[in-house]
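Architecture and fold: a report
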Amino acid sequence: MKKNFIIIALLIGCCSLPLNAQKQEKSLTIEVSNNWEQAKTDAAVVINLQKLKVGFKIKSAVVTEENIEIPSQLDDMDRDHKMDELVFVTDLPAQGKKTFKVMLSSEKSSKTYPARVYSEMFIAEPRKNKHQSVQSITVPGSSDIYNMIRPHGPVLESELVGYRLYFNEKQTPDIYGKFNKGLEIKESQFYPTDAQLAKGFGDDVLRVFDSCGPGAFKGWNGKKATHITPVDTRTERIISYGPVRVIAEIEVTGWKYQGAELNMTTRYTLYAGHRDLHIEAFFDEPLKNETFCTGVQDIIGSVSYSDHKGLVGSWGTDWPVNDTVKYAKETVGLGTCIPQRYVQSEEKDKDNYLYTVGAPQANYFDYYTTFTSMKETFGYKTPEAWFAYLRQWKEELDHPITIKVK
């Protein structure tokens, strides 16, 4: 009997160990500097957690500025169930500096912050007239799932703008313009009702056709932009739902392109308070001499701007949908900014103002795209004002903040 009692006691002791595991914490000081002569609003502060080597699995974080907690989020970027990045946004004066305290913890937190961004993707249930939220969908490259997904792919929204990413070979960002700042696509689902329109909701403001719209990543056949096809599989997923930033990805495998077979993931990130979308392309192997392209759509009757060094913009007016009776024409401004090191040539095809791009021997490159809608009460009303903004936007991108972890 005594032996049995000892065995049982040991088993109980072993089972109780996880309950007694102690919380682990790590305190950091983050110094953020703006070395530009202009102030920055909602500058994104991103901390690479893997480089910190804290010695435990991070499950929550608290960020404070002068002892006041500010919204932040943790993101698992590679879906390995470990948090890779801590992110928050902050305003910085010209030539200014701020210090933040961060407490990383091994314990989960139920704390929530007010959302400044929104992301979602749905699959249709036509017989029930409902939509089911999904985080990731993978289909064979030959599948036509475009009309089964609402709103035709993942949607990303900040207070200023909304984007959706087409779930087909176009992989084009489409745009949602607003009258007023705020989040509304959760309610409108990119397709506002008459009642919502009467309340001042925004709407789809651009018919992208086969163009690159605002900044779609495309192939290049020497004469015009081409879609991302044929591929073996196509996946669209949401990586992050906020509250500070939203992230979606489009992954293709087996893209037969320019004599190669490419596996590529394109990542789209939208931050709180931003109208620009950060676009990154990742390849599983270093590129050779493949040439791609991106830019902006040549909207009907558009005027364009280029600095011939990676910045291109357009401004034009057209019907945003096929229904030209119910809907009015929309005027929009588009802009794409590409680091000059990736630029190969400046091109024009039937539908777009383009730059061809490449990154030989690299497996990554990135760029930004943005837009404005004439209906914005907070936006730009002339092409001259829009192009002036694009030049300032590029200058701001060329002067990133610096981050020091202590």
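The structure displayed is predicted, hence computed values, not measured ones.

Re the nonpolar core
- Counting residues in hydrophobic clusters, the biggest one holds 52 residues, and the most contacted among them are Ile175, Phe217, Trp255, Phe283, Phe292, Leu334 and Phe365.
- Elements supplying a minimum of two residues to this core: strand E12 (162-165), strand E18 (245-257), strand E19 (260-271), strand E20 (277-283), strand E21 (292-297), strand E24 (330-337), strand E26 (352-357) and strand E27 (364-373).
- If you tally residues by element for this core, the top one is E18, at six residues.
- Core analysis: the next-biggest nonpolar cluster, separate from the first, contains 21 residues, Ile30, Leu49, Phe56 and Leu104 among them.

Brief notes about the pattern of salt bridges
- For the structure shown, the criterion picks out 28 salt bridges.
- In this structure, Asp42 engages Arg116 in a salt bridge whose closest nitrogen and oxygen atoms are separated by 2.9 Å. Of this pair, Asp42 sits in strand E2 (residues 40-48) while Arg116 sits in the loop between strand E7 (97-105) and strand E8 (117-125), placing them 74 residues apart in sequence.
- Accessibility expressed as a relative area gives 28% for Arg116, which makes it partly exposed.
- With its nearest N and O atoms 2.6 Å apart, the salt bridge here joins Asp307 to Lys394. Placement of the pair is Asp307 in the loop between strand E22 (303-306) and strand E23 (311-318) and Lys394 in helix H4 (residues 383-397), with a sequence separation of 87 residues. With respect to class, Asp307 is no different from Lys394; both count as buried.
- Members of the salt-bridge network, linked through shared partners, are Arg79, Arg237, Glu249, Glu251 and Arg267.

Looking at the domain arrangement of the chain
- Each assigned domain of the chain is listed with its residue range as follows: domain 1 (25-105) and domain 2 (117-405).
- Look at where the C-alpha atoms of domain 1 and domain 2 centre, and you get two points 27 Å apart.
- Counting the surface lost from both domain 1 and domain 2, the interface buries some 2,200 Å², and carbon and sulfur atoms represent 56% of this.
- It is Trp36, Gln73 and Met77 in domain 1 that bury the most area against domain 2; as a group they hold 27% of the surface buried on that side.
- Inspection of the domain 1/domain 2 interface yields four salt bridges.
- The partner of Glu85 in a salt bridge is Arg245, and the shortest N-O contact between them spans 2.6 Å.
- For the pair domain 1 and domain 2, the interface holds 12 residue pairs in polar contact (both at pLDDT 80 or more).
- Elements that contribute at least two residues to the side of domain 1 that touches domain 2 include exactly strand E1 (25-33), E2, strand E5 (73-75) and strand E6 (85-92).
- It is E2 that contributes the most residues to the side of domain 1 that touches domain 2, eight residues altogether.
- Broken down by class, the residue content of the side of domain 1 that touches domain 2 amounts to 16 nonpolar, seven polar and eight charged.

Quick look at the environment of Leu262
- Of note, Leu262 is situated in strand E19.
- Each C-alpha atom, one on Leu262 and one on Leu287, is 8.7 Å from the other, the two residues being 25 residues apart in sequence.
- Non-local contacts of Leu262, meaning those with residues more than four positions away in its chain, are made with Val252, Thr253, Gly254, Trp255, Tyr257, Phe283, Leu287, Glu290 and Phe292.

Rules and cut-offs
- Residues numbered from 1 in each chain as written.
- Predicted model: local features only at pLDDT ≥ 70, side-chain atom pairs only at ≥ 80, totals over all residues.
- Heavy atoms only, no water.
- Core = buried A, V, L, I, M, F, W, Y, C linked by side-chain atoms within 4.5 Å.
- Buried < 20%, exposed > 50% of the residue type's maximum accessible area, 1.4 Å probe, protein only.
- Helix = DSSP H or I, 4+ residues; strand = E, 2+ residues; numbered from the N terminus.
- Salt bridge = Lys/Arg side-chain N within 4 Å of Asp/Glu carboxyl O.
- Domains from an automatic or database assignment.
- Buried area = accessible area lost by both parts, 1.4 Å probe.
- Polar contact = N/O pair within 3.5 Å; in protein donor to acceptor, adjacent residues only side chain to side chain.
- Nonpolar A, V, L, I, M, F, W, Y, C, P; charged D, E, K, R; others polar.
- Contact = heavy atoms within 4.5 Å.

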